[in-house]
Amino acid sequence: MSSTLRIENLHVAVDGKEILKGVDLTIRQGEVHALMGPNGSGKSTLAYALVGHPKYEVTEGRILLDGEDLTSLDPCERARRGLFLAFQYPVTIPGVRVADFLRHAVSNIRNPDRKEGEELIPMREFRKELRHWMQELGMDPSFATRYLNDGFSGGEKKRMEILQLAMLHPKFAILDETDSGLDSDAVRVVSEGLRKLAGPDMGVLIITHHERLLEMNPPQFVHVMLAGRIVETGDAALAHELHEKGYEPVRQRHPDIAAEETAEQAATAGAE
Amino acid sequence: MSTGSATEISIPPVYRAFLRDAFEAFLAERDEPDWLIDRRRRAFDCFEQSLTQPLEPEEWKRLDLRLFHTLRFTPPVRDRSGLVTQVDTMLATRTEFGASVSHTDGTAGPSGTRELPAGVVFCPLTEAVRVHEDIVREHLMTRAVLPDTDRFSAWHAAFWNGGVLLYVPRGVVLDRPLHSVLGSSAADAADFAHTLVVLDEGASATLLEETASLNAEGSALHVGAVELLVGRGAHLRYVQIQNWNERTWHFAHQAGRVEQDGFLQWTVGGLGARFAHIHQTVSLDGRGAGAEVNGVSFATGRRTLSYYTQQTHCAASTRSDLLYKSVLRDRSRVVWRGMIRVEPEAQQTDGYQRCDALLLSPESRMDAIPGLEIEADDVRCTHGATVGRVDDEQLFYCMTRGLTQHEAMHLIVSGFFQSVFDRIPVTEVREAFDDAVVQKLGLGD
Ligand SMILES: Nc1ncnc2c1ncn2[C@@H]1O[C@H](COP(=O)(O)OP(=O)(O)O)[C@@H](O)[C@H]1O
Ligand SMILES: [Mg+2]
C-alpha cells in the first residue's frame, strides 16, 4: 500500500512567535514535490516541524502519516516511522565514527521496535551496503572511519546527508537546501544520488533555490511559500518561472500576504 | 590511649584513630624487617607533625575537607582471614591476563599466575618484602613518592598495608597485560594499598589496575600510592581505574619517573568515590624520555574528583603529553590543576597538556587550571582547557536518525572520550569504560 504524508492547517511557533500560519500539503510515496520561497518564508521551519524539532511548536493542525498523527511523537519515533530530513546545516559529532553512527541508525530504522543495547545489524551486511553506497556517491572509503562531519567540507557534509538517506531509505525524505553552498560538481553528485534513490517507494520534498537539483529530479508539484503559507502550487513550469522572474510576481499576485511579509521584516529589523 | 593533650584535641576526628598508640599496635601486628620499621617510624613522625600544619594551599584551596574531617575510620588489621575475596571487577573477565593479584582491605587474596618469564616478580607487596627484600628496599618510596611530601604521603608511608610489586628485569618483554584489583569490604575501614612498578633497562610491560568496593554502602578510606619507575629504554603502560563506591574517600600520591629513552603511558580512570584527590607527578629524568598521561573521568551524584598533576622535565629532549577528559552529571564536581615544569637543563623539550570537560547538568561544575613553569629557553610547551555541554542540536540530529535520546547521549559521550581511547590501544579498558558510561548515563533517570 502506498503511504501518504498529509499536513493539515499546520501552525508552528518558535519562541512563542508564529512562523507557519496554516500550511496544507499532501505528499504520496513516489511523488517529488519542490518547495520554494524567499529567505525567511518558513521552509526550514516546515522541515524541522515535520521531523519534530522540540523548539518548533505545533500550535494548530496536524501531521498525518497514513492517518496517524505524528505531532506528539519525538524525532526518533518519527524517524522510525519513515521520515527523514537532510539538514541544511548538518551537525558535527566529534569522536563518533560515520560507520558506528550509521550502524546504530540503520539498526533502529529497519527494526523500529529495537531498544538500546539490542543487537545491531550484522557487521558484514552493513559494511557491504555502506561500501556500495559510498562508491555510488563517489565518497572515499576512509570516510567510514572518520568522525561524523568533523572537519568535513560543505560538500562532504551534504554528501554525508545523501549517504544517510540512501542507507536509511525513508518513506518520506525532506531535503533542505541540500544543493546550496556546493560547487557544480558536488551538486551533480548529490542530484544523481537522489535520482538513484528516489523511486516509487519514496516521497520527496525538495527545498531549493536552484533549478539544478530539480532538473535531475523533476517535481510533479511545485509549491511557493510566502510569509508562512503556501500561496501557490503548480508544476515544473512554476519553478521555471520563479527562476526567471524571482518572487516579485508571486508577491504581486498575493498582495495581502506580501504586505504581511514586509510588516514582519520591518518588525524584526526594528527589534534588532 | 593518651588523650586530652591540647594538640590532639585540635586534630580532626578522622585522624584520631591513627595516632601513636594505634601506630604502635599496627607495627606490633606486623613481622617486618628493621629497615622497614624504621622507615615507617620516620614516616609516622612526619605524619604526626603534618597534622598541626596546614595543607599546601594551591593544592587544596578548591577542595572542601570539612565533612571528611568529621568521619572516623579504623586502621588496617593485619589479616582479615575468612574474608570474601571475590571482588566484582570491571576488567577480570575481559581478557586473559598474564597474571593477576587481588587484595581485599589490604589482605592478598587468590592470585592467578601463568608462567612469567624468569626474573619477573608480580606479587603482593607484603610478600615481596619477605621474598624480594632488596627490590622493595631499594625502590619503595625512595625515588618517586617521598614520605615527607605531605600529610597523605606520610600517612600512607606509615600505614601502607597491601598492594603489589611488579618488577621486570632487563630486556624482558611481557606480552600479556597483568591485572591487579584493590578491593575494599569492611565498613569504615581504611586501606593503604601501594603499587610499585620497576622496569629495568629495555623491559616492557602493561599493568591494568582497578579499585572496587565489595558492598555499595559501607564508607571507606583509601590513602594510596603508586610508583612507576621506568628504566632506560623501558616501556610501561599502566592503567588505574578508580571505581570505589560513593561513600569512599580516596587520596593518592602517584608518581612516575622515566629514564633515558624510556616511555610511560599512564591512564587514570575516575568513576567512583565520594571524593578522590590524586596528586600525580611524572618526571622525565633522562634525555629522550617520554610520557603520555591520559585521564578519563565520569563524575555523577555529589562526588568530587580532583587531579593535581605535574609534568616535570628534568632532562633535554624529553616529551610529555597530558590529555584529561571528564564528563560530569548531577551535582558532581571535577577539579584539575595541571602544571608543566621545565628545569633549566631541559632544553628541546616538548610539553603539552589539555583538559576537556563535558557538562551534562547545569548543577555540575568543572574547574580546570593549567599552568606552566619554564626555566629553559628552547622549549615548546602548550596547554589548553575547554568546558562544553551536550548540544541540543546534536541530540536532535541523532534522534532524526532513529536514535533514542538516551542512545544519542551515549554516543555523544562515548565520542567525547574517543580521543583518549584513540591513544590507548587497550580494548579491555575501552570496553570496560564504555559499559560504565552506559550505566552512569542511566543513573538517576
Ligand atoms: N530557531 C529559530 N529561532 C528564532 N527564529 C527562527 C528560528 N527558526 C526560524 N526562525 C524565524 O522563522 C522565520 C522563517 O525562517 P526559516 O524557516 O528558516 O525560513 P527559510 O528556510 O524559508 O529561509 C524567519 O523569520 C526566522 O527568523
Ligand atoms: Mg532555510
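Chemist: Would you explain the overall build of chain B in this entry?
Modeler: When its secondary structure is counted, chain B shows eleven helices and 22 strands. Computed over the C-alpha atoms, the radius of gyration of chain B is 21 Å, within 12% of the 22 Å expected from 2.2 N^0.38 for a compact globule of 445 residues. Per-residue burial over chain B gives 60% buried out of 445 residues. A sequence separation of at least 24 residues applies to 85% of the contacts in chain B between residues at least 6 apart. For chain B, the accessible area works out to roughly 16,700 Å², and carbon and sulfur atoms hold 46% of it.

Chemist: Help me understand the packing of helix 10 (residues 405-421) of chain B against helix 11 (residues 427-442) of chain B, please; the structure alone is not making it clear to me.
Modeler: What describes two packed helices is the angle between their axes and the distance between those same axes. Residues and elements named next belong to chain B. Packing of helix 10 against helix 11 brings their axes to within 10 Å, and their N-to-C directions diverge by 145°. Between helix 10 and helix 11 lies a crossing whose hand is right-handed. On helix 11, the residues touching His406, Met409, His410, Val413, Ser414, Phe417 and Phe421 of helix 10 are Val429, Arg430, Phe433, Asp434, Val437, Val438, Leu441 and Gly442. Its residues placed into classes, the contact of helix 10 with helix 11 shows nine nonpolar, four polar and two charged.

Chemist: What exactly am I supposed to notice about the sheet that holds strand 1 (residues 4-14) of chain A here?
Modeler: The pairing of strands in a sheet comes from backbone hydrogen bonds and takes either a parallel or an antiparallel form. Residue and element names in this part refer to chain A. Strand order across the open sheet formed by four strands is 2-1-4-5, with antiparallel pairing between neighbours. Both edges of this open sheet fall to strand 2 (17-28) and strand 5 (68-69), since each of them pairs with a single strand only. Pairing of strand 1 with strand 2 involves nine bridges; the strand directions are antiparallel. Residue Ala13 lies in a different strand from strand 2, and its bridge partner there is Glu18. Along the sheet face, helix 1 (residues 43-51) touches strand 1, strand 2 and strand 4 (56-65) and points at about 110° away from the line of strand 1.

Chemist: Quick question: what am I supposed to make of the interface of chain B and chain A here?
Modeler: The figure often quoted for interface size is the accessible area lost as the parts come together. On the side of chain A, 36 residues touch chain B, which itself brings 20 residues to the contact. Across the interface of chain B and chain A, roughly 2,200 Å² is buried in total on both sides, 62% from carbon and sulfur atoms. Together, B:Phe396, B:Tyr397 and B:Arg401 form the three largest contributors to the area buried by chain B at its contact with chain A, with a combined 35%. Where chain B meets chain A, there are three salt bridges. In this structure, B:Arg401 engages A:Glu161 in a salt bridge whose closest nitrogen and oxygen atoms are separated by 2.7 Å. Sorting the residues of the side of chain B that touches chain A by element identifies helix 9 (392-399) and helix 10 of chain B as the ones contributing at least two each. When residues of the side of chain B that touches chain A are assigned to their parent elements, the largest contribution, eight residues, is made by helix 10 of chain B. Considered class by class, the residues forming the side of chain B that touches chain A number eight nonpolar, eight polar and four charged.

Chemist: Sorry, what's going on with the sheet that holds strand 6 (residues 83-86) of chain A here?
Modeler: All names here are of chain A. In spatial order, the strands read 6-9-10-3-11-12; together these six strands make up an open sheet with mixed pairing. The open sheet terminates on both sides in strands that have one partner only, identified here as strand 6 and strand 12 (229-234). With strand direction ignored, the average angle separating the axes of adjacent strands in the sheet is 20°. The sheet contact formed by strand 3 (residues 32-36) and strand 10 (residues 203-207) spans four bridges and is parallel. Counterpart to Val32 in the pairing with strand 10 is Val204. Along the sheet, helix 8 (residues 236-245) makes contact with strand 3, strand 11 (221-226) and strand 12, crossing strand 11 at roughly 45°.

Chemist: Please explain the site of ligand 1 as it appears in this structure.
Modeler: Residues and elements named next belong to chain A. Lining the immediate environment of ligand 1, one finds Val14, Ile19, Pro38, Asn39, Gly40, Ser41, Gly42, Lys43, Ser44, Thr45, Lys55 and Tyr56. Within the backbone of Gly42, a nitrogen or oxygen atom sits 3.0 Å from an oxygen atom of ligand 1. Take Ser44: an N or O atom from its main chain is 2.9 Å from an oxygen atom of ligand 1. For ligand 1, the accessible surface in isolation is 560 Å², of which the surrounding protein chains cover 66%.

Chemist: How should the packing of helix 9 of chain B against helix 10 of chain B be read in this particular structure?
Modeler: Residues and elements named next belong to chain B. Taken N-terminus to C-terminus, the directions of helix 9 and helix 10 make an angle of 120°; their axes are 9 Å apart at the nearest point. In terms of orientation, helix 9 lies oblique with respect to helix 10. As helix 9 packs across helix 10, the resulting crossing turns out to be right-handed. For the pair helix 9 and helix 10, contact is made by Gln394, Leu395, Cys398 and Met399 and by Gln405, Ala408, Met409 and Ile412, respectively. The residue inventory of the contact of helix 9 with helix 10, partitioned by class, reads six nonpolar, two polar and no charged.

Chemist: Please explain the nonpolar core as it appears in this structure.
Modeler: One broad rule of soluble globular proteins: the nonpolar side chains tend to lie buried together. One finds A:Leu10, A:Leu46, A:Ile93, A:Phe101, A:Leu130, A:Leu163 and B:Phe417 to be the most contacted residues of the largest nonpolar core, which totals 123 residues. For this core, the leading source of residues is helix 10 of chain B, giving nine residues. Setting aside its immediate chain neighbours within four residues, A:Phe101 contacts A:Ile93, A:Val96, A:Leu148, A:Gln164, B:Tyr397, B:Cys398, B:Arg401, B:Leu403 and B:Leu411. Core analysis: the next-biggest nonpolar cluster, separate from the first, contains 52 residues, B:Leu63, B:Val121, B:Phe159 and B:Leu221 among them.

Chemist: Sorry, what's going on with helix 6 (residues 184-197) of chain A here?
Modeler: An α-helical segment advances 3.6 residues per turn. Residues three or four places apart therefore align on the same side. All names here are of chain A. A rise of 1.5 Å per residue sets the reference length of helix 6, with its 14 residues, at 20 Å; its end C-alpha atoms lie 20 Å apart and thus fit the reference within 8%. The set of residues buried in helix 6 consists of Ala186, Val187, Val189, Val190, Ser191, Gly193, Leu194 and Leu197. Close packing links the buried residues of helix 6 with helix 4 (123-136), helix 5 (154-168), strand 9 (172-176), strand 10 and helix 7 (212-216).

Chemist: Is there a simple way to think about the pairing of strand 13 (residues 263-270) of chain B in this case?
Modeler: Residues and elements named next belong to chain B. Buried residues dominate strand 13, accounting for eight of its eight residues. Along strand 13, one buried face is formed by Phe263, Gln265, Thr267 and Gly269 and the opposite face, lined by Leu264, Trp266, Val268 and Gly270, is buried too. Bridge count between strand 11 (residues 235-243) and strand 13: eight bridges; the pairing is parallel. Directly across from Arg237, in strand 13, lies its bridge partner Gln265. When strand 13 meets strand 15 (residues 290-299), the two strands line up parallel, connected through eight bridges. Within the sheet, the bridge partner assigned to Gly269 lies in strand 15 and is Val296.

Chemist: Can you walk me through the pattern of salt bridges in this structure?
Modeler: Two side chains that carry opposite charge are able to pair once their charged atoms sit near each other. All names here are of chain B. Under the counting rule described, the total for this entry stands at 39 salt bridges over all chains. A salt bridge links Asp367 to Arg333, with the nearest nitrogen and oxygen atoms 2.9 Å apart. Of this pair, Asp367 sits in strand 20 (residues 365-369) while Arg333 sits in strand 18 (residues 333-342), and the two are 34 residues apart along the sequence. Each member of the pair, Asp367 as well as Arg333, is classed as buried. Among the salt bridges present, the one from Arg341 reaches Glu373, with a minimum N-O distance of 2.9 Å. Of this pair, Arg341 sits in strand 18 while Glu373 sits in strand 21 (residues 372-374), and the two are 32 residues apart along the sequence.

Chemist: Help me out: how do you make sense of the layout of surface pockets in this one?
Modeler: Empty space among the atoms becomes apparent when a probe as large as a water molecule is rolled across them. A volume near 630 Å³ is recorded for the largest pocket. Surrounding the largest pocket, 29 residues form its lining, A:Asp100, A:His104, B:Leu411, B:Arg430 and B:Asp434 being those nearest its centre. Taken together, the elements giving at least two residues each to the lining of the largest pocket come down to strand 7 (93-97) and helix 3 (98-110) of chain A together with helix 10 and helix 11 of chain B. The element best represented in the lining of the largest pocket is helix 10 of chain B, accounting for eight residues. Class assignment of the residues belonging to the lining of the largest pocket gives a composition of eleven nonpolar, eight polar and ten charged.

Definitions and cut-offs
- Residues numbered from 1 in each chain as written.
- Chains lettered and ligands numbered in written order.
- Predicted model: local features only at pLDDT ≥ 70, side-chain atom pairs only at ≥ 80, totals over all residues.
- Heavy atoms only, no water.
- Helix = DSSP H or I, 4+ residues; strand = E, 2+ residues; numbered from the N terminus.
- Rg over C-alpha atoms; globule rule 2.2 N^0.38 Å.
- Buried < 20%, exposed > 50% of the residue type's maximum accessible area, 1.4 Å probe, protein only.
- Contact = heavy atoms within 4.5 Å.
- Areas by Shrake-Rupley, 256 points an atom, 1.4 Å probe, with all protein chains shown as cover.
- Axes fitted to C-alpha atoms, helices over the stretch in contact; angles between N-to-C directions.
- Left-handed = near helix turned anticlockwise from the far one by under 90°.
- Nonpolar A, V, L, I, M, F, W, Y, C, P; charged D, E, K, R; others polar.
- Pairing = 2+ DSSP bridges.
- Buried area = accessible area lost by both parts, 1.4 Å probe.
- Salt bridge = Lys/Arg side-chain N within 4 Å of Asp/Glu carboxyl O.
- Near = heavy atom within 4 Å.
- Polar contact = N/O pair within 3.5 Å; in protein donor to acceptor, adjacent residues only side chain to side chain.
- Parallel < 35°, antiparallel > 145°, perpendicular 65-115°, else oblique.
- Core = buried A, V, L, I, M, F, W, Y, C linked by side-chain atoms within 4.5 Å.
- Expected span 1.5 Å × (residues − 1).
- 1 Å grid on protein atoms, 1.4 Å probe; cavity = no way out; pocket = protein on both sides within 12 Å on 5 of 7 lines; lining within 4 Å.
- Points joined across faces, edges and corners; volume = space filled by probe spheres on them.

Limitation: the analysis is restricted to geometry and does not speak to function.
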